[in-house]
Amino acid sequence: MRDASELKLEIEKNLVRPVEKISIINLVDSFVEYAYLLRASDVHIQPEEHFVRIRFRIDGMLHDIFEKAQGIRKDIYDEIVSRIKVLAGLRTDEHMVPQDGRFKISIKDFGDVNVRVSIVPTSHGENAILRVLAETQGYTIDSLGFSVADVAKVQRAISKPYGMILANGPTGSGKTTTLYTILKQLNKSDVSIITIEDPVEYALDGTTQIQTNADVGLTFATGLRSILRQDPNVIMVGEIRDEETASIAVNAALTGHLVLSTLHTNDSPTTFPRLLDMGVPPFLVASTVNIAIGQRLVRELCQTCKVERKLSREEMKSLQELIPNVDIEMKFYSPKGCDNCKGLGYTGRIGIREVLEVNDDVRKLIMQRASAQDIKAAAVANGMKTMVDDALLKVSKGLTSLEEVLRVVHE
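These numbers come from a predicted model, not from an experiment.

Trainee: Help me understand the pattern of salt bridges in this model?
Mentor: Pairing between side chains becomes possible if they bear opposite charge and their charged atoms approach one another. This model, assessed by the stated rule, comprises 17 salt bridges. With a shortest N-O distance of 3.3 Å, aspartate 75 and arginine 73 are connected by a salt bridge. Residue classification places aspartate 75 among the partly exposed positions, given a relative accessible area of 35%. With a relative accessible area of 30%, arginine 73 lands in the partly exposed category. Residue glutamate 315 is joined to arginine 309 by a salt bridge in which the shortest nitrogen-to-oxygen separation is 3.3 Å. Each of Arg299, Glu404 and Arg407 takes part in salt bridges that share partners, so that together they form one network.

Trainee: Even after reading the chapter, I still don't get the packing of helix α4 (residues 148-159) against helix α5 (residues 175-186), so can you show me in this structure?
Mentor: A pair of packed helices is captured by two measures, namely the crossing angle of their axes and the spacing between those axes. The geometry of α4 relative to α5 is characterised by a closest axis approach of 11 Å and an angle of 55° between their N-to-C directions. The orientation of α4 relative to α5 falls into the category oblique. The crossing of α4 and α5 is right-handed. Here Val154, Gln155 and Ile158 of α4 lie close against α5, whose contacting residues are Ile182, Gln185 and Leu186.

Trainee: What is the right way to look at the sheet that holds strand β7 (residues 163-168) in this model?
Mentor: Strand pairing in a sheet relies on backbone hydrogen bonds, with the paired strands running either antiparallel or parallel. Taking strand neighbours across the sheet as the criterion, the seven strands line up as β9-β8-β10-β11-β7-β12-β15 in an open arrangement whose pairing is mixed. Looking at strand neighbours, the two that pair on one side only are β9 (208-211) and β15 (346-357), the edges of this open sheet. On average, each strand axis in the sheet is inclined to that of its neighbour by 20°, with strand direction left out of account. By the bridge criterion, four bridges tie strand β8 (residues 193-197) to β9 in an arrangement that is parallel. If you follow isoleucine 196 over to β9, its bridge partner there is isoleucine 210. Packed onto the sheet, helix α6 (residues 220-227) meets β8, β9 and β10 (234-237) and runs at close to 165° relative to β8. Of the strands in this sheet, β12 (289-301) and β15 touch helix α13 (residues 387-396), which is tilted by about 145° from β15.

Each value, and the rule that gives it
Residues numbered from 1 in each chain as written. Predicted model: local features only at pLDDT ≥ 70, side-chain atom pairs only at ≥ 80, totals over all residues. Heavy atoms only, no water. Salt bridge = Lys/Arg side-chain N within 4 Å of Asp/Glu carboxyl O. Buried < 20%, exposed > 50% of the residue type's maximum accessible area, 1.4 Å probe, protein only. Axes fitted to C-alpha atoms, helices over the stretch in contact; angles between N-to-C directions. Helix = DSSP H or I, 4+ residues; strand = E, 2+ residues; numbered from the N terminus. Parallel < 35°, antiparallel > 145°, perpendicular 65-115°, else oblique. Left-handed = near helix turned anticlockwise from the far one by under 90°. Contact = heavy atoms within 4.5 Å. Pairing = 2+ DSSP bridges.

Next up, the structure:
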């Protein structure tokens, strides 16, 4: 695999050459390889009035790339978008409607990298977003950043033959990675696993994976009905977003299936009012949900250059207003920047999580249609560490910075 700095220099040289002297095929391959080397999750190719802007999303933050080339000229950009469309099997003669696809790029000394493509028309041309899909083979539940107590809760939920495991959080909070890591552990020869997603994020050998297609009426709800006739043991639904999907998923969990899915809620206690709002009867919610996982992703401090710092009196006062139970004696660390982290001060991301295990106290509250605040209080009384508690623990260990936690948790 090539060195990242050498590859960047090569790309920048190509971007200032006449288009007839550039191999567009190699250039697009180099974009993907460079994104992979920088651990970028997305490549943004964004046309503006006089040039095209290239940005990489690294550890959740967008960064301008190829500053020496000062963007991409429009003539090169047209060729790049055409090449991306060819790779993704999209129409090269269609410029006025959104198109989606995917392709693979082979990187020397690594293998294939999966790329998902979204192209939409804008006032200055077609905007192309490449999602570089990280593989989950290297992940285990223990490596995702769960505390020891939370790992035990997840393992208990996985060991049950039926019920629901729900991962909650905003877009880009690592929910799918968490669920696929669980599926990887469950994926054995005597277990039938079927997923329905929009879109299929990761390929998992030994499972049956279905992608929704609204054009032919294949939605989460209709697909889920069909899946139940396929004799599955474990079902993963990409997202519960409507009453019909929620009802079928809950009933599947009630009738002997282990169901994994995601919800867009801010934390784990809000899971239960959300399902009730979707029309699921309280007794079904109380009897089917095994655990609800709330999570976010924060950038991990570079361990080579992080520096310890003390908060000023004003900073500590502001922090105590936001987080009343913060330990004023805890250590804080800040990013600095070095060659190891390419000057960013951060390398990768880690999860901050809370795992709400449904016990008798929580079930009673669900049956009473209690608020998320009451459910949270009961869960904390039974030993649940909140997302903020988990975040502060990681801050004290020097794994992330306070600024990063506040940015993600209170954004």
